Structure formats: C-alpha cells, structure tokens
Amino acid sequence: MKIGIVCYPTFGGSGVVATELGKGLASKGHQVHFITYSQPARLDFFSENLFYHEVSVSQYPLFDFPPYESALASKLVDVVRFEQLEVLHVHYAIPHASAAYLAKQILKTYGINIPVVTTLHGTDITLVGRDKSFKPVVTFSINESDGVTTVSESLRQETSTFFDITREIKVIPNFVDLHRFVNKKREHFKRAIAPGDERILIHTSNFRKVKNVSDVIRIFHEVNQKIPSKLLMVGDGPERGNAEELSRQLGISSEIRFLGKQDAIEEILSVSDLFLMPSSSESFGLAALEAMACSVPVISSNTGGLPELNVQGITGFLSDIGDVSAMAKNAIYILEDCDRLGKFKKAAYERAKDFELARILPLYEACYQEAIDPIKK
Ligand code: GMT
C-alpha cells in the first residue's frame, strides 16, 4: 500500500506511535509518506520505503495565527496526487482530521477519492477536543473519517460519551518494538547512577500538568525514606521547574537526576527498577509500556487506559489519582524484596509481549484495507 501518515513530529506519544507504525509498515514493504511540519523525532534513518514531506506555512504580517491547517490540507492534496497515495492515516484529531477532510473534498475535484483513517490518542479527546472552541469540528471530522481508531477501550468509551459519534470506533492499542526496547546490560551506567547499589526509580514524560510530576517527586520522597534509592527524571516540559523546586524543598535533590530529553531511552530504562506514572489522565500510557518491555514494573494511577496495560499486583500497582501514600507504599513493597522485585520485572516483560509491534501492525493494515475497499468498488 501507499500510505500517507500525518502526525505531530515531536517526542510526544502520538508522534512516537505514528512514526514507529510508519517504520514498521515500511519494513513490511509498504511505501510510507510522512507529512508533517518537521522531521519526526524517531524518523532518524534512511529506508527506501520511507518518505518525508514538509509542511511549511508562509509568513504574512496579517497572520497573527499562521493557518497551519490550510497549509497541511494543501500539502496533502499535493502529496496524494503526485505520490498516488491509497490511504491517509492521521494521528491526533486536531487539526489533522479536519485538514484531511478538507483535502479529501478538494481531491474529489481531481477525480480522486482518498480514504481517511483517524487515530485518536488521548488529549485530543479528553482535554483539548472537548473544549467548545474545537468540539463541533472534532465531532464532524471523526464522523466523516472512513475509519476511526482509539488506543484503548477507555478512550473509545470517552469518545462516545463526550462526542455525538455516528460511526464505529475500533480499538488498536499502542505497541512496542521489542527488538529496541529490551533489557540491556548496562552495569557501568548503573554504577555511575547508583554507586551504592541503590534502587533506581524512573519517570519519563513531557512534564505537562496532566502527568502530575510533583506526585512523582512526593512518591520518591516517601520511598527514599525507607529504601536507598535514586530517581531519574527524563524529558522536559512546563512542570520541570516546579518539580526541581519541590525536590529542593523536600531536601532530596541530590538523589534525583533531571536528564532532559533523551534518545536512547531504552538504555536508561534498562538500569531502572520501577517506573512511576501518576498521571491524572492517560489514554494508554506508552511510556509505561516501553518501561515494561525493558522489564521495569509500573506504579501508576488507575485512570484511562492504564488498567488495560498495568495488571494490579502482577506487573505493578494502580492507585487513585493523587494517592501518593498508596503509590509510595506499593513502590516500597515491590522494591524491598529482591525476589519479589524479580517476579514483578519478569511479569512486566511478559505483559509487554502482548503489545509487540508484530501483533499490532496487521490490525492497522486491516483497518486501511477496510477503508480502501468500499471506495474502490
Ligand atoms: O502523553 C502526552 O501528553 C502525549 C500524548 C500525545 O498525544 O502525544 O500521548 C497520548 O498518546 C499516547 C499514544 O497513543 C498515549 O500512550 C498517551 O497515554 C496519551 N496521553 C494522554 O492521554 C495524556
């Protein structure tokens, strides 16, 4: 198939899923065209089946808000026509689904009927999409898509609850490449981070409010009083400053390393013992899945799609949003006993296998085919 993928090119979950999906499809022989405003963060190598088309928005003094959606729609028309794409797959509803709808209508004037598959990732539904300044457009463009997927059953239900959806929504969960995300022996790195053989806890995110980064610091504070430990904070974003400030106030800043954005996240996960994800909303929790693939159990909140990934008492524990004491207690329970920690690590890895790339790719291929077939008839 010749597939166009539209996504945010950033380190965020939806961009990572879209890029890894495109890479996986290309390795199976599909031709994949990424259409974004800059090179996707994980699209960092050459493949004969991968193409990248940049959307640029012309600057003009009148534009207080540069019209990205129009520029994207125009670029989609151009790429679909000249690369003869068979399907467009847009990740994150705003503004990608509506731009694709516009492109689809324009392409009809050229005698081309291109099917559009929309994947909803989370905040496009749970936060931003519900804002009344976007809701009618989001609802319309979901209903007008030829295929719609969400990354968890929970997000499917939320979408149906908050939007007037008239079409079927399929659940295709996030996935992980187990060749890349696998526990690698990195003893020298572990010794550098934890010279006294302390336990290593880790959090990775974009440090937005929804991630409850201050709860990560508070959980660690309680754990650190009982268990010699270090905390690695990977990523960057608006809440990083507050998190650093809080760790100073609590007197634990020497036990915490803020590493910023990192490419080789699997290497850092490989030296870690426990992943913390106390988010107030999480449609799936890709970062937790990547940790589990590297044999790292998860302490998370019990919100959104997290219960569909993290198995209570087996791969980690889930607690109510904001219940720092319960999360810290569960973290200590896992970390205080070597044998118990080993069991949780093994179970986390076994669970991650359910979401292996090779299992999920065919679901997207089938979804594309289902969107293409009625149009070809
Ligand atoms: O988590 C973020 O803030 C990034 C966000 C995105 O759309 O880039 O991630 C969302 O999509 C991921 C991939 O499908 C999911 O694994 C994340 O759970 C989801 N984030 C939220 O729902 C907050």
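Residues numbered from 1 in each chain as written. Predicted model: local features only at pLDDT ≥ 70, side-chain atom pairs only at ≥ 80, totals over all residues. Heavy atoms only, no water.

Undergrad: Where do I start with the overall build of the protein chain in this structure?
TA: Check the secondary structure of the protein chain and you find 14 helices and 13 strands. For 377 residues, the compact-globule formula gives about 21 Å, and the C-alpha radius of gyration of the protein chain, at 21 Å, lands near that figure. Judged by the C-alpha coordinates and their principal axes, the protein chain covers about 70 × 45 × 35 Å. Going through the 377 residues of the protein chain one by one, you find that 55% of them count as buried. Pairs at least 24 residues apart make up 69% of the contacts formed inside the protein chain by residues separated by at least 6 positions. Of the accessible surface of the protein chain, which amounts to about 16400 Å², a share of 50% is contributed by carbon and sulfur atoms. Positive and negative side-chain charges of the protein chain, numbering 41 and 46 respectively, have mean locations separated by a distance of 2 Å. (Helix = DSSP H or I, 4+ residues; strand = E, 2+ residues; numbered from the N terminus. Rg over C-alpha atoms; globule rule 2.2 N^0.38 Å. Buried < 20%, exposed > 50% of the residue type's maximum accessible area, 1.4 Å probe, protein only. Contact = heavy atoms within 4.5 Å. Areas by Shrake-Rupley, 256 points an atom, 1.4 Å probe, with all protein chains shown as cover. Lys, Arg positive; Asp, Glu negative; His and termini not counted. Charge placed at Lys NZ, Arg CZ, Asp CG, Glu CD.)

Undergrad: I would appreciate a short explanation of the packing of aromatic side chains in the present structure.
TA: To describe a pair of aromatic rings, one takes the distance between the centres and the angle between the planes. Here the structure, examined in full by the defined rule, presents eight aromatic pairs. Taken together, a centroid distance of 5.5 Å and an interplanar angle of 85 degrees make the contact between Tyr-8 and Tyr-92 edge-to-face. Residue Tyr-8 is found in the loop between strand S1 (2-6) and helix H1 (13-27), and its partner Tyr-92 is found in the loop between strand S4 (87-91) and helix H3 (93-108); the two are separated by 84 residues along the sequence. Using a relative accessible area of 24% as the deciding quantity, one classes Tyr-8 as partly exposed. Tyr-92 gets classed as buried once you look at its relative accessible area, which sits at 14%. A ring pair is formed by Tyr-101 and Phe-140, whose centres lie 4.8 Å apart and whose planes are at 85 degrees; its orientation type is edge-to-face. Of this pair, Tyr-101 sits in helix H3 while Phe-140 sits in helix H5 (residues 135-143); the two residues are 39 residues apart in sequence, bridging distant segments of the chain. On the basis of relative accessibility, which here comes to 40%, the residue Phe-140 falls in the partly exposed class. What links up through ring pairs into an aromatic cluster is the set Tyr-8, Tyr-37, Tyr-68 and Tyr-92. Above the plane of the ring of Phe-163 lies Lys-135, whose end atom (NZ or CZ) is 5.8 Å from the centre. (Phe/Tyr/Trp six-rings, centres within 6.5 Å; stacked < 30°, edge-to-face > 60°. Lys NZ or Arg CZ within 6 Å of the ring centre and 35° of its normal.)

Undergrad: What is the right way to read the site of the ligand from this model?
TA: Near the ligand you find 19 residues, and of these His-121, Asn-174, Asn-206, Lys-211 and Glu-282 are the closest. Between Lys-211 and the ligand, the recorded distance is 2.7 Å, taken from a side-chain N or O atom to an oxygen atom. Glu-282 is positioned such that a nitrogen or oxygen atom in its side chain is 2.7 Å from an oxygen atom of the ligand. By residue number, the principal contributor to the shell around the ligand is H1, which donates three residues. Its residues assigned to classes, the shell around the ligand comprises five nonpolar, 11 polar and three charged. Here the shell around the ligand spans two domains, since at least three of its residues come from each of domain 1 (2-175 + 357-376) and domain 2 (187-355). (Near = heavy atom within 4 Å. Polar contact = N/O pair within 3.5 Å; in protein donor to acceptor, adjacent residues only side chain to side chain. Nonpolar A, V, L, I, M, F, W, Y, C, P; charged D, E, K, R; others polar. Domains from an automatic or database assignment.)

Undergrad: I would appreciate a short explanation of a nonpolar patch on the surface in the present structure.
TA: Residues Tyr-60, Leu-62 and Phe-63 make up a contiguous nonpolar surface patch of about 340 Å² in total accessible area. Topologically, Leu-62 is positioned in the loop between strand S3 (50-54) and helix H2 (68-83). Assessed through its relative accessible area of 67%, Leu-62 is described here as exposed. (Patch = residues over 30% accessible without salt bridge, like charges linked within 9 Å, V, L, I, M, F, W, Y side chains within 5 Å. Salt bridge = Lys/Arg side-chain N within 4 Å of Asp/Glu carboxyl O.)

Undergrad: What's the story with the nonpolar core in this structure? I'm lost.
TA: Soluble globular proteins tend to bury their nonpolar side chains together. In this structure, Leu-25, Leu-269, Phe-275, Leu-289 and Tyr-368 are the most contacted members of the largest nonpolar core, which totals 69 residues. Ranked by residues supplied to this core, first place goes to helix H14 (residues 357-376) with eight residues. Mapping this core onto the domain boundaries places at least three of its residues in each of domain 1 (2-175 + 357-376) and domain 2 (187-355). Sequence-distant contacts of Leu-269, that is, excluding residues within four places in its chain, are made with Phe-181, Ile-202, Phe-275, Glu-290, Ala-291, Cys-294 and Val-296. The next biggest cluster of nonpolar side chains, apart from the first, holds 29 residues, and it includes Leu-231, Ala-243, Leu-276 and Ile-332. (Core = buried A, V, L, I, M, F, W, Y, C linked by side-chain atoms within 4.5 Å.)

Undergrad: Even after reading the chapter, I still don't get the packing of helix H11 (residues 286-293) against helix H13 (residues 338-352), so can you show me in this structure?
TA: Angle between the axes and distance between the axes are the two parameters that describe a pair of packed helices. Two numbers describe how H11 lies on H13: the axes approach to 7 Å, and their chain directions differ by 115 degrees. Like other packed secondary-structure pairs, H11 and H13 cross with a definite hand, here left-handed. On H13, the residues touching Leu-289, Met-292 and Ala-293 of H11 are Ala-348, Tyr-349, Arg-351 and Ala-352. When its residues are assigned to classes, the contact of H11 with H13 shows six nonpolar, no polar and one charged. (Axes fitted to C-alpha atoms, helices over the stretch in contact; angles between N-to-C directions. Left-handed = near helix turned anticlockwise from the far one by under 90°.)

Undergrad: What is the right way to read H11 from this model?
TA: Since the α-helix advances by 3.6 residues per turn, residues separated by three or four positions end up pointing in the same direction. In terms of burial, H11 is a largely internal element, eight of the eight residues being buried. Among the residues making up H11, those that are buried are Leu-286, Ala-287, Ala-288, Leu-289, Glu-290, Ala-291, Met-292 and Ala-293. On its buried side, H11 packs onto H1, strand S8 (199-205), helix H10 (265-270), strand S11 (274-277), strand S12 (298-301) and H13. Once H11 ends, the next one or two residues include Ser-295, with phi positive near 65 degrees.

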